[in-house]
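If you want the building blocks of each chain, they are given just below.
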Amino acid sequence: MTLQHIDRPITIPASRSESGLGDDFLRLGGRAAVRFLSRYGVLVGFLALWQVASSAGWVNAAVLPPLDMIIAALWKGLAGGSLLGDIAISLQRAGIAFGAAVAVAIPLGLFMGQVRPVETALDPILQVFRQTSALALYPVFILLLGLGETSKIFVIFWATLFPLLLNTTSGVKEVDPKLLEMARVYGASRLTVFRRVVLPGAVPSIFVGLRLSATTALLLLIASEMIGANKGIGFQVMNAQYNFQIPLMFAAIVILAGLGLIANQALVALQRRLCRWSNPVN
Amino acid sequence: MTGSNRGGEVSIRDLSKSFSLGGRQLAVLRTLNLDIRSGECLVIVGASGSGKTTLLRILAGLETADSGAVAIDGQPVHGVGAERAVIFQEPRLLPWLSVLGNVAFGLEVRGVAKQEAEKRARFYVALVGLAEFADAFPSQLSGGMAQRVGIARALTVQPEILLLDEPLGALDAMTKIGMQEELARIWSEENVTMVMVTHDLEEAIYLADRVLILPKEKGGAARLIDIDLPRPRERSETRFVRYREELLREFGLH
C-alpha cells in the first residue's frame, strides 16, 4: 500500500510535459498522500487490522467489536444526544479542576521559584504529597467531602496541581542567571526582571506542566467517575461494560481519547503562538 | 554620536579585592590605583587569576571591592549606573525577543517608551550591520552576529563608559578580526570611554590607547603601556609587532 503511493510521484513526471496541469495536481496529491501515510500509516494499519480481525472472526467480536459498530454507537450517542450530557459533565469536572490547578499552581510556582526560603520550606511536604497517589487519597477525599461533585473535582485538582507546580517552579529557577545579570546591568528593577526575563523564560516549562496536567486531569476524571457517579464518560465506560454494551463502551473510550488529543493539540497550538522563538514542540 | 563634552572619567583608588577559596583568602586585586581618561580605550590584560574580570565587574557595579573606591566623573560608584553599559563574553540575548527587541531592551528597562526605544535601537542595529536581521530571533543568528546584537544593545543606551569583558573571546579567529575592526570603528564614532578585558595581546594593541597589565604574583605591580600608534592600525607594521614583543616579555613569554 505504501509502496504504491511512493511510486506514483516518480512515474508521473515522465508524462508531465504532455498533459500539464492535471498531472501537477495528481503529483501534489501523491506527495500529500506520502506525507500522510508516513505520519499516520501505522495508525491506519492498526485500525484496518482491528476491523478485519474483528469482522473475520480472528478475535472475539463480542469483546473487540468491529470499528463500524463502534462508530455507529458513537454516532448514535452523539447525534442522538445520549452521550452529550456525559461529555458536558465530564468536561465540567475536569475543566473546573484543571482551571483551579492553573490558578493555584502557576502563581504559587512563580512565587516559589523566586523566593528561595519559601521553596526550601515547602519542598519536602510537596514531595511527600506528590509521591502519594491521588487515587489512594480518593477515599480520604470522599470521607472528607462526600461522594458528590466536590470530591471528584478535588481529586482531579490534587493530581493536576503537582506537575504544574513543580514545572513552573523549576522553570523559574532555571532561567539563565546570566540573563538576570544582564537585565540588572541595565538597571532593571526586581519586578521588571520578573516580568521581562523570568516569566517569558519560564513559559516553555510551564507548558510542559500544563500538558502533563491536562493528561492527568483526564486520567483522574475517569477514575473518579468509575466510583460513585451516575453520569460522565468514565461512568459510561463502566456502565456499558456492566450491561455488555461493548460498542458503546468503546465509543466512550474513543471520546476520551479524542478529548485528550484535543486538549493536547490546543495547548501545543497555544505554546506555538506564545513561544515562536523557541524550537518547535513535538 | 553625541558631542565631545562627555564625562566618562574613572578614578580607581587603593582598590583591593580577595576571594575565599577553600578557607584561604586569595587576593586578586591589591591596592590598585588607576585613572581612566574620558574617551580613551583602556585594555586590561593579565594571566588568568590576575583579577581582570573582577576589576571590570567592580567597575560595572556587579561586585563590590573589599576596600578602596571607584569614582566616575567624581561620583563614587555604588552598584550599576545608567552611565555605564556592559558587553559580556556571551551575547546574553533574550531568546524570545527579536534582534530589534533585544537591542531596545536596555532602553525599555530604563523607561523609554517601546516605540521610541525601537526607533533608536534601529539606528544601532544598522550600525552593527544587522539591519536586514532586525526581525530575526537570536536562535537564527551566528555567534558573531549575536555578539553584534549584544554590542548594539549596549550602545543604544548611549553610555559614557562601555565595559567589555572578553567580548570576542568566544568567536573564531576570522570573525574576531572583523569584530575588532568593528569595535575600533564604533569606538571612534561613538566617543565613548571603553574599558575592555581580553587575553588576546594583539587585540589589546589593535584597540588600546593604553594597556593595563595586571600582575599575577604577590607583590607585583600593575603596569601601564601607552600604545602610540596611528589609527586605523596595521597588524603587520614593525611598531605593532614591537609592542607585541614588549607585551609578551611582560608575561615572560619572549
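Note that the structure is predicted; figures quoted are calculated from it, not measured. (Residues numbered from 1 in each chain as written. Chains lettered and ligands numbered in written order. Predicted model: local features only at pLDDT ≥ 70, side-chain atom pairs only at ≥ 80, totals over all residues.)

Enquirer: Can you explain the overall build of chain A? Please cite residues and give values.
Expert: When you go through chain A residue by residue, the secondary structure sums to twelve helices and zero strands. Scaling as 2.2 N^0.38, a compact globule of 282 residues should have a C-alpha radius of gyration of about 19 Å, whereas chain A reaches 25 Å, well beyond that. Dimensions of chain A, computed from C-alpha atoms along their principal axes, come out at roughly 70 × 60 × 30 Å. (Helix = DSSP H or I, 4+ residues; strand = E, 2+ residues; numbered from the N terminus. Rg over C-alpha atoms; globule rule 2.2 N^0.38 Å.)

Enquirer: Give a detailed account of the overall build of chain B, specifying residues and quantitative values.
Expert: Along its length, chain B carries seven helices and ten strands. Its C-alpha radius of gyration of 18 Å places chain B within 12% of the 18 Å reference for a compact globule of 254 residues. Projecting the C-alpha coordinates of chain B onto the three principal axes gives extents of approximately 55 × 45 × 40 Å. The buried share among the 254 residues of chain B stands at 42%. Counting contacts in chain B only where the partners sit at least 6 residues apart, residues at least 24 apart contribute 68% of the total. (Buried ≥ 20, exposed ≤ 12 C-beta atoms within 10 Å, placed from the backbone. Contact = placed C-beta atoms within 7 Å.)

Enquirer: Kindly report on the sheet that holds strand S4 (residues 67-72) of chain B, identifying the contributing residues and their values.
Expert: All names here are of chain B. Sheet architecture is open: four strands sit in the order S2-S1-S4-S5, paired in antiparallel fashion. The open sheet has two edge strands, strand S2 (24-36) and strand S5 (75-76), and neither has a second partner. Alignment of strand S1 (residues 10-21) against S4, held across five bridges, turns out to be antiparallel. Bridge pairing in S4 places arginine 13 opposite alanine 69. Along the sheet face, helix H1 (residues 52-60) touches S1, S2 and S4 and points at about 120° away from the line of S1. (Pairing = 2+ DSSP bridges. Axes fitted to C-alpha atoms, helices over the stretch in contact; angles between N-to-C directions.)

Enquirer: How would you summarise the interface of chain A and chain B if you had to cite specific residues and measurements?
Expert: The partner chain B presents 17 residues to the 15 residues of chain A that form the contact. In terms of residue count, helix H9 (residues 177-185) of chain A provides more of the side of chain A that touches chain B than any other element does, seven residues in total. For the side of chain A that touches chain B, the class distribution of residues is nine nonpolar, three polar and three charged. (Nonpolar A, V, L, I, M, F, W, Y, C, P; charged D, E, K, R; others polar.)

Enquirer: Provide a residue-level description of the domain arrangement of chain B, including the pertinent values.
Expert: Interfaces are often described in size by the accessible area the parts lose on coming together. Residues and elements named next belong to chain B. Taken as a whole, chain B is organised into domain 1 (1-83 + 160-254) and domain 2 (93-158). Taking the mean C-alpha position of each, domain 1 and domain 2 sit 25 Å from one another. Contact residues are listed per partner, giving ten residues for domain 1 and seven residues for domain 2. Here the side of domain 1 that touches domain 2 gets four residues from one element, more than from any other, and that element is helix H5 (residues 173-190). (Domains from an automatic or database assignment.)

Enquirer: Residues and numbers for the packing of helix H5 (residues 84-114) of chain A against helix H11 (residues 233-242) of chain A, please.
Expert: Residue and element names in this part refer to chain A. Contact pair H5 / H11: the axes reach a minimum separation of 8 Å and the direction vectors enclose 130°. In terms of orientation, H5 lies oblique with respect to H11. Of H11, the residues touching H5 (which contributes Asp86, Ile87 and Ser90) are Ile233, Gly234, Phe235 and Gln236. A per-class count over the contact of H5 with H11 returns three nonpolar, three polar and one charged. (Parallel < 35°, antiparallel > 145°, perpendicular 65-115°, else oblique.)

Enquirer: Residues and numbers for the sheet that holds strand S8 (residues 193-197) of chain B, please.
Expert: All names here are of chain B. Read across the sheet, six strands follow the order S6-S7-S8-S3-S9-S10 without closing on themselves; strand pairing throughout is mixed. With partners counted over all chains shown, the strands left at the sheet margins are strand S6 (84-87) and strand S10 (223-226), one partner each. Put simply, the sheet's adjacent strands are angled 20° from each other on average, direction ignored.

Enquirer: Lay out unusual backbone geometry in plain terms, naming residues and giving numbers.
Expert: The residue after arginine 231 of chain B, namely proline 232 of chain B, is reached through a cis peptide bond having omega -5°. Among the secondary structure elements, proline 232 of chain B is positioned in the loop between S10 and helix H7 (238-250). Look at phenylalanine 244 of chain A: it is not a glycine, yet its phi comes out positive at around 55°. Structurally, phenylalanine 244 of chain A is set in the loop between H11 and helix H12 (246-274). A residue is classified by how many C-beta atoms lie within 10 Å of it, and phenylalanine 244 of chain A, with 10 of them, is exposed. At glutamine 158 of chain B, a position not held by glycine, the phi torsion is positive, near 45°. Within the secondary structure layout, glutamine 158 of chain B lies in the loop between helix H4 (143-156) and strand S7 (161-165).

Enquirer: Give a detailed account of the environment of tryptophan 96 of chain B, specifying residues and quantitative values.
Expert: Note on placement: tryptophan 96 of chain B falls in the loop between S6 and helix H2 (99-109). Taking the number of C-beta atoms within 10 Å as the measure of exposure, tryptophan 96 of chain B has 21 and is therefore buried. Taking the C-alpha atoms as reference points, tryptophan 96 of chain B and serine 139 of chain B, 43 residues apart in sequence, are found 9.2 Å from one another. Those residues in contact with tryptophan 96 of chain B that sit more than four places away from it in its chain are Pro200 and Trp277 of chain A.

Enquirer: Lay out the nonpolar core in plain terms, naming residues and giving numbers.
Expert: Residues Ile156 of chain A together with Val43, Ile44 and Val195 of chain B are the most contacted members of the largest nonpolar core, which totals 129 residues. Those residues within four positions of isoleucine 156 of chain A in sequence are excluded, and the remaining contacts are Arg93, Ala94, Ala97, Ala217, Leu220, Leu221 and Ser224 of chain A. (Core = buried A, V, L, I, M, F, W, Y, C linked by C-beta atoms within 7 Å.)

Enquirer: Account for the confidence of the model for chain B, naming residues and giving values.
Expert: Mean pLDDT for chain B: 91, with 96% of residues reaching 70 or above. This prediction of the complex comes with two scores: 0.81 for pTM and 0.90 for ipTM. (pLDDT = per-residue confidence, 0-100.)

Enquirer: A description of the domain arrangement of chain A should follow, citing residues and the corresponding values.
Expert: Domain annotation for chain A reports domain 1 (2-60) and domain 2 (78-274). A separation of 39 Å is found between the C-alpha centroids of domain 1 of chain A and domain 2 of chain A.

Enquirer: Outline the environment of serine 90 of chain A, listing residues and values.
Expert: All names here are of chain A. One can find serine 90 in helix H5. Taking the C-beta count within 10 Å as the criterion, serine 90 has 28 such neighbours and is therefore assigned buried. Placed 132 residues apart in sequence, serine 90 and isoleucine 222 show a C-alpha to C-alpha distance of 8.5 Å.

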